[in-house]
Amino acid sequence: MENESKNIFQSVKMRSENLKAWFGTHEVLHGITLSVPEKYVTAIIGPSGCGKSTFIRCLNRMHEVVPATKVLGSVYLDAIDIYKNSINPVNLRKKVGMVFQKPNPFPTMSIRDNVLAGLRLQGIKPYDAHATVEKALTQAALWDEVKDILNRPGLSLSGGQQQRLCIARTLALEPEVILMDEPCSALDPIATAKIEDLIQELKSKYTVVIVTHNMQQAARVSDVTAFFYLGELIEFDRTEKIFTTPKNRKTEEYVTGRFG
């Protein structure tokens, strides 16, 4: 088991070092140092308001989009500090994509145009748009369901299909990291199962970080789990260890449902 732990962490895709974040004068992250292993699923768990969503928004510099926010510390993508002045946040978000809590397809766009929207916003014109759409929708496990209705509005799809469409939109950009902020919280159990199966498939090509309140989901889909509490990283380890033999008493109390 110890060798397996070393194998997971031997290749780090992203790393935060002493990361602090504020909303106005309120400090919501208190010096988070955390390594995200490459091509694995990292779950971020913890009670509401503990800084989970803020943390992953710092990983692609979306936190700074909100007025009166501040970030200190470092976040590295491979060996590059993404908070250097020379880094263009828009280009960064092509490499570090985000899937949000509520499915957000563009309401006036067709399924096809929703997939291509991210590329167009980046000023990228694919050589073969249809092939790009097919590839992204196939990776998002949606192609077979929508291949004959690509001109229909994205909003005509079910909630679970809309979320997979948003994942396809992210995949079309060919990111290196996919951040998911409670991607199943608005979905029914069947749609949730499809998203969870998809996450397992995606980690063969992508590094995935998922925020979830659902302990069972974290246990099912992730390889490593970080437990946040009141803006601090309490414990980070292989998911199996976090849920069976955590080192910290707070972690044990949270994963067993005694608080949170």
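Cut-off values and rules
Residues numbered from 1 in each chain as written. Predicted model: local features only at pLDDT ≥ 70, side-chain atom pairs only at ≥ 80, totals over all residues. Heavy atoms only, no water. Buried < 20%, exposed > 50% of the residue type's maximum accessible area, 1.4 Å probe, protein only. Helix = DSSP H or I, 4+ residues; strand = E, 2+ residues; numbered from the N terminus. Salt bridge = Lys/Arg side-chain N within 4 Å of Asp/Glu carboxyl O.

Help me get a handle on helix α4 (residues 111-121), residues and values and all.
Counting along an α-helix, one turn takes 3.6 residues, and residues three or four places apart therefore face a common direction. Every buried residue of α4 is accounted for by I111, N114, V115, L116, A117, G118 and L119. Trailing α4 by a residue or two, G123 shows a phi angle of about 75°, which is positive.

Let's hear about the pairing of strand β3 (residues 41-45): which residues, and what values?
The element β3 is extensively covered by neighbouring structure, given that 5 of its 5 residues are classed as buried. Side chains of β3 alternate between two faces, with V41, A43 and I45 and T42 and I44 buried alike.

An account of unusual backbone geometry is requested, with residue identities and associated values reported.
The phi angle of most residues is negative, glycine excepted, and most peptide bonds adopt the trans form. Unusually for a residue other than glycine, A68 sits at a positive phi of about 60°. Residue position: A68 is located in the loop between α2 (52-58) and β4 (69-77). A positive phi angle, close to 55°, is found at D78, a residue other than glycine. Residue position: D78 is located in the loop between β4 and β5 (80-81).

Quick one: what's the story with the environment of K125, residue by residue and with numbers?
Turning to its location among the elements, K125 is positioned in the loop between α4 and α5 (129-139). Placed 69 residues apart in sequence, K125 and I56 show a C-alpha to C-alpha distance of 29 Å.

Which residues make up the pattern of salt bridges, and what values do they have?
Taken as a whole and assessed by the stated rule, the structure comprises 11 salt bridges. Two residues, D113 and R120, come together in a salt bridge whose shortest N-O distance is 3.1 Å. Residues joined in a network through salt bridges with shared partners are K13, D78 and E176.

Bear in mind that shape data such as this cannot, by itself, settle questions of function.
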